Every structure is written in structure tokens, then in C-alpha cells.
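Examining the three-dimensional arrangement
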Amino acid sequence: MLNSYQVTGSVLVGGVVLAVDAGKGAAAVLLARLLAGPDFAHEACAGACAILGHNFPVWLRFRGGRGLATSAGVFSLFAWPLVLVWGALWSVAYAVLGEINPANASASFVLPLLLVAAPDWLIARVTAGGIPPGEFTSFVALSMVVVLVKHWEPVRAYIGGIRESKSRAPGTGKR
């Protein structure tokens, strides 16, 4: 989504790509539900495959997107409030960091930590009926690892830029 917006400069194109990517994740889960019945293991496997396929498509030599919108589509069918929490985390991170990719990585890193810290009754309350909280937390954590792998280089560049600007700061005697 971000890449399409950056290339075209069009919010409309970015929004359409966001919807398609999220729809792709949701469609994978819904198809698994249709074919195998409501079973979290099958649905999570289909969602994971959608995220992996988006991030590492064979036909693009394993150079795909970063998986945020696809993950949001997957998560929205398991626990839509989680997508709202993720969005809130992103908003805070963006306000602090001022850059999209580091905000993406920050929110994606913190989200599973919040689930690990949350009591099982709360996770059970926000997830779709009958998903075991531990399995759901593990699925989200593994999904976020896939997302974070794709954010490694942009975050590394961001940190390098911070270090570079500090080394050139006036009054430090460094250049």
C-alpha cells in the first residue's frame, strides 16, 4: 500500500491497494473456513500463507510487500478489536518517530507483547468464538515476526539516519 502510494502519489491508488491487500488476507481465512469449517488451525494456516505469499511472492523473486494490510485482513476475522489496537499503537509510534516504517515496526513489535501480557479471559473475549488464547497469541506473534523481517532494512536505515544526523550536530565537534 505504502509503496503504491509512494510510486503514484495517489491516495486513491494507495487506498485501493490497501483494500485489496486486506481483502486478500480475509479471503484466505474465509476460504479455509468454507472448505474446512470453522477451525482456527486451518484458518490460521491459510492466513499465514496469505501473509507469507504477500511478503515473499515466488513470481517476484521473493520481493513483495511488508504484510501489514494483509495481516490486518487476516486479524480482522479473528479479532477485529486487535486491528484497532494495532492502529492506535501505530498512531502513537508515528507521532513519536515521525516515520511510517519505524512506526509500522514499533506497532508490530508491541502488539504481540500486549497479547502476552493480556489475561486469557480478555483475549477470549475479543477473539471470534472458541479460539484458544495461547494459540491466538502465538499466531499473532509469528505473523508479526514475518512483518518485522520485511521492516528490518527500512528501520535500519532510519536508525542510521538518526546516528548520521547526531554525528553532524553543531557543537559536537564531529563531522
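Whatever comes next refers back to the structure up there.
Residues numbered from 1 in each chain as written. Predicted model: local features only at pLDDT ≥ 70, side-chain atom pairs only at ≥ 80, totals over all residues. Heavy atoms only, no water.

**Structural notes on the packing of helix α2 (residues 11-36) against helix α3 (residues 40-55)**
At a closest axis distance of 8 Å, the pairing of α2 and α3 adopts a crossing angle of 150°. Relative to α3, α2 is oriented roughly antiparallel. When you trace α2 past α3, the crossing you get is right-handed. Between α2 and α3, the contacting residues are Asp21, Lys24, Gly25, Ala28, Val29, Ala32, Arg33 and Ala36 on the first element and His42, Glu43, Ala46, Gly47, Ala50 and His54 on the second. Taken together, the residues of the contact of α2 with α3 break down into six nonpolar, four polar and four charged. (Axes fitted to C-alpha atoms, helices over the stretch in contact; angles between N-to-C directions. Helix = DSSP H or I, 4+ residues; strand = E, 2+ residues; numbered from the N terminus. Parallel < 35°, antiparallel > 145°, perpendicular 65-115°, else oblique. Left-handed = near helix turned anticlockwise from the far one by under 90°. Contact = heavy atoms within 4.5 Å. Nonpolar A, V, L, I, M, F, W, Y, C, P; charged D, E, K, R; others polar.)

**Here's the deal with a nonpolar patch on the surface**
Together, Val58, Trp59, Leu60 and Phe62 make up an exposed nonpolar region whose accessible area comes to about 520 Å². Relative to the assigned elements, Leu60 resides in the loop between α3 and α4 (68-97). Owing to a relative accessible area of 46%, Leu60 belongs among the partly exposed residues under this scheme. (Patch = residues over 30% accessible without salt bridge, like charges linked within 9 Å, V, L, I, M, F, W, Y side chains within 5 Å. Areas by Shrake-Rupley, 256 points an atom, 1.4 Å probe, with all protein chains shown as cover. Salt bridge = Lys/Arg side-chain N within 4 Å of Asp/Glu carboxyl O. Buried < 20%, exposed > 50% of the residue type's maximum accessible area, 1.4 Å probe, protein only.)

Scope: geometric values only; no functional claims are made or implied.
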